[in-house]
Amino acid sequence: MTDKPFSPVTIGISSCLLGENVRYDGGHKRDRFITGELSKYMRFIPVCPEMGSGMPTPRPPIRLVGDPDNPRAVGVDNPDVDVTRQLRTYSTKALANLDGISGYILKKDSPSCGMKRVKVYPEQGGSAQRRGSGIFAHTLMSHLPNLPVEDEGRLNDPVLRENFINRVFVYHHWQQLTDEGLTPARLIDFHARHKYLVMAHSQAAYKRMGRLLSNVPKNALRRISQDYFSELMSALQRPVNRKGHTNVLQHIMGYLKRNIDTHDKQELGESIERYRQGEIPLVVPITLFRHYFRLHPDPYISRQVYLQPHPQKLGLRNQL
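Residues numbered from 1 in each chain as written. Predicted model: local features only at pLDDT ≥ 70, side-chain atom pairs only at ≥ 80, totals over all residues. Heavy atoms only, no water.

Peer 1: Please clarify how the environment of Leu18 should be interpreted in this entry.
Peer 2: Tracing the backbone through its elements, the reader meets Leu18 in the loop between β1 (9–14) and α1 (32–35). Note on Leu18: relative accessible area 23%, which makes it partly exposed. Setting aside residues no more than four positions away along its own chain, Leu18 makes contact with Ile13, Arg30, Ile34, Thr35, Phe44 and Pro46. (Helix = DSSP H or I, 4+ residues; strand = E, 2+ residues; numbered from the N terminus. Buried < 20%, exposed > 50% of the residue type's maximum accessible area, 1.4 Å probe, protein only. Contact = heavy atoms within 4.5 Å.)

Peer 1: How do you make sense of the pairing of strand β3 (residues 62–65) when you look at a structure like this?
Peer 2: Note on strand geometry: in a regular strand, side chains alternate between the two faces of the sheet. Sheet topology places β3 next to strand β4 (residues 72–75); 4 bridges connect them, and they run antiparallel. The residue bridging Arg63 from the neighbouring strand is Val74, located in β4. Here β3 hands over to β4 after 6 residues, with Gly66 in that stretch at a positive phi of 95°. (Pairing = 2+ DSSP bridges.)

Peer 1: So what exactly am I meant to see when it comes to the state of the cysteines here?
Peer 2: Cysteine pairs can be covalently joined through their sulfur atoms, and such a bond is termed a disulfide. For the structure on display, the rule yields 0 disulfides. Unpaired in terms of disulfides, Cys48 finds its nearest cysteine sulfur in Cys113, a separation of 6.5 Å. Residue Cys48 is classed as buried on the basis of its relative accessible area, which comes to 14%. When its relative accessible area of 4% is taken as the criterion, Cys113 is described as buried. (Disulfide = S-S within 2.5 Å.)

Peer 1: Teacher, can you tell me more about the packing of aromatic side chains here?
Peer 2: The geometry of an aromatic ring pair is captured by two quantities: the separation of the ring centres and the angle between the planes. Summed over all chains, the structure comprises 10 aromatic pairs. Ring centres 5.7 Å apart and planes at 55° place the aromatic pair Tyr104 and Phe136 in the tilted group. With a gap of 32 residues between them, Tyr104 in strand β5 (residues 104–106) and Phe136 in helix α4 (residues 135–143) connect regions that are remote in the sequence. Overall, the relative accessible area of 0% leaves Tyr104 in the buried class. Taking 5.2 Å as the distance between ring centres and 80° as the angle between the ring planes, the aromatic pair formed by Trp174 and Phe190 counts as edge-to-face. Of this pair, Trp174 sits in helix α5 (residues 158–180) while Phe190 is found in helix α6 (residues 184–193), placing the two residues 16 residues apart along the sequence. (Phe/Tyr/Trp six-rings, centres within 6.5 Å; stacked < 30°, edge-to-face > 60°.)

As structure tokens, then:
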């Protein structure tokens, strides 16, 4: 099984994470992983909602206040300065320039860009609750509910990092499919290629998605494909545990049972079990599978996204 080529994927990102001096204090929050390894496979569209909406840098800091589900953005030192409307107006306009992105990385804790658990203060003073989303982040996620979105803080977790980048590439695959022209046959083929990837996340979701595709008349293609894609991205958002990966690895092993000898089967089986027990990372059994399928190609497995959902050089499965 040869390595798949991965063309660069375009994602949106908070400008400060790229090292741009756009923060309220005139500084930045450059992220080494993002500007290093990830930049080799991603094209970034940087956005700073605060500067984009007309605020200078440096500038007085702002924070969220009021209802955590619908907060206002006001000055920390002068609460009479309310920039909620200008941030919302800019956020809606900015989405028009993000057409075609396959994901978004936000700045954690930001009153404009924070994805979740952003501090929201009571109107009349008191302790903050970590229940809010930044003004721009909320607009982004509301308008593009299936878009893979993460903050840079959560990307320090190896499981969440792999999950996010996995979703970005699947989202990109879907965009390519729709650009080519969606047909019932292409939709079913897409589902087949992503079978084991989805099963690792949720077997129940895979079955639901299969039922959606059991009958796809042309006049219902758009509705069914939208329902299918929402189900797909919802399933993939759920991080995979060792049990999920182990189940898929055991399924895939069945495609080799007639081609490898008893010693190789034992080695592969032991590798899967050691992964299940947490003794070795996922990359070890995956590497063995790729080796055996190079020697004994299988046309069905060769098209499965699961064995290489993202560039190997990112090393995302080395820590899973």
